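As a plain string of letters, each chain reads:
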Amino acid sequence: HKISVLRSATTPSGTFRSVLREVTYHLGYEATKELKTKKVPVTVSFGRESEEEHLDCMGYKIADRVSLIPILRSGLGMSESMLELLPKAAVHHIGMYRLPGHAPVQYFNRLPRKCESDVAFVLDPVIA
């Protein structure tokens, strides 16, 4: 159902953006499930406000350094949802277009000269 909304030429742009954010969030959740994590101490409070008690336990945090690479301009609509999942991710941009019957042409590249990421997610609804 959601993919059909995205594919339809009659979908209003506001609806398209909303559905794209929703679909990207779910795709991103699945795509990030294999990222490496590390244990971190977490303090959990419980009880009544006036009698706060705390419990120290262990939680997990993403250990991989992640980059998001939206393909301009269509991939920008996917960036916000992925940044909700990965707020510390670096964002780099690539601009590409395709002429019918030809290979894609790159017209913009803001990838870093030195890769400092362990994982990169290329964001483009055409390939999602």
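Residues numbered from 1 in each chain as written. Predicted model: local features only at pLDDT ≥ 70, side-chain atom pairs only at ≥ 80, totals over all residues. Heavy atoms only, no water.

On the surface, Val42, Val44, Phe46 and Leu55 cluster together into a nonpolar patch covering about 300 Å² of accessible area. Among the elements that make up the nonpolar patch, the one with the highest residue count is strand β1 (residues 37-46) (three residues). By the element assignment, valine 44 lies in strand β1. Classification of valine 44 by relative accessible area gives partly exposed; the value is 34%. (Patch = residues over 30% accessible without salt bridge, like charges linked within 9 Å, V, L, I, M, F, W, Y side chains within 5 Å. Areas by Shrake-Rupley, 256 points an atom, 1.4 Å probe, with all protein chains shown as cover. Salt bridge = Lys/Arg side-chain N within 4 Å of Asp/Glu carboxyl O. Helix = DSSP H or I, 4+ residues; strand = E, 2+ residues; numbered from the N terminus. Buried < 20%, exposed > 50% of the residue type's maximum accessible area, 1.4 Å probe, protein only.)

Counting residues in hydrophobic clusters, the biggest one holds 15 residues, and the most contacted among them are Val66, Leu68, Met82, Leu86, Phe121 and Leu123. Looking at this core, the elements that each hand over two or more residues are α1 (2-7), α2 (13-31), β3 (66-72), α3 (76-85) and β7 (119-123). Leave out the neighbours within four places in its chain, and leucine 68 touches Ser79, Met82, Leu83, Leu86, Ala89, Ala90, Val91, His92, Phe121 and Leu123. (Core = buried A, V, L, I, M, F, W, Y, C linked by side-chain atoms within 4.5 Å. Contact = heavy atoms within 4.5 Å.)

Now for α2. With 19 residues, α2 extends 26 Å between its outermost C-alpha atoms, agreeing within 8% with the 27 Å of an ideal straight helix rising 1.5 Å per residue. Residues of α2 that are buried include every one of Val19, Leu20, Val23, Thr24 and Gly28, and no others. Take α2 and look down its axis: the buried residues cluster within an arc of 165°, on one side only. In α2, the exposed residues that point more than 90 degrees away from the buried face are His26 and Tyr29. Summarising the contacts, the buried residues of α2 are in contact with α1 and α3. (Expected span 1.5 Å × (residues − 1). Arc of directions from axis to C-beta.)

This part covers the side chain of histidine 92. Topologically, histidine 92 is positioned in the loop between β4 (90-91) and β5 (94-97). Residue classification places histidine 92 among the buried residues on the basis of a relative accessible area of 15%. Among residues more than four places away in sequence, those in contact with histidine 92 are Ser67, Leu68, Ile69, Pro70, Arg110, Leu111 and Pro112.

Once that is clear, we can look at the side chain of serine 81. Its place among the elements puts serine 81 in helix α3. Reaching out from serine 81, the side chain makes a polar contact with the backbone oxygen of arginine 21 at a distance of 2.7 Å. Leave out the neighbours within four places in its chain, and serine 81 touches Arg21, Thr24 and Tyr25. (Polar contact = N/O pair within 3.5 Å; in protein donor to acceptor, adjacent residues only side chain to side chain.)

Working note: a packed helix pair is described by the angle between its axes plus the distance between those axes. Viewed as axis vectors pointing N to C, α2 and α3 meet at an angle of 45°, and their least axial separation amounts to 8 Å. Judged by the angle between their axes, α2 and α3 are oblique. Classified by chirality, the crossing of α3 by α2 is right-handed. Touching Leu20, Arg21, Thr24, Tyr25, Gly28 and Tyr29 of α2 are Gly77, Met78, Glu80, Ser81, Met82, Glu84 and Leu85, all from α3. Per-class residue counts for the contact of α2 with α3 are six nonpolar, four polar and three charged. (Axes fitted to C-alpha atoms, helices over the stretch in contact; angles between N-to-C directions. Parallel < 35°, antiparallel > 145°, perpendicular 65-115°, else oblique. Left-handed = near helix turned anticlockwise from the far one by under 90°. Nonpolar A, V, L, I, M, F, W, Y, C, P; charged D, E, K, R; others polar.)

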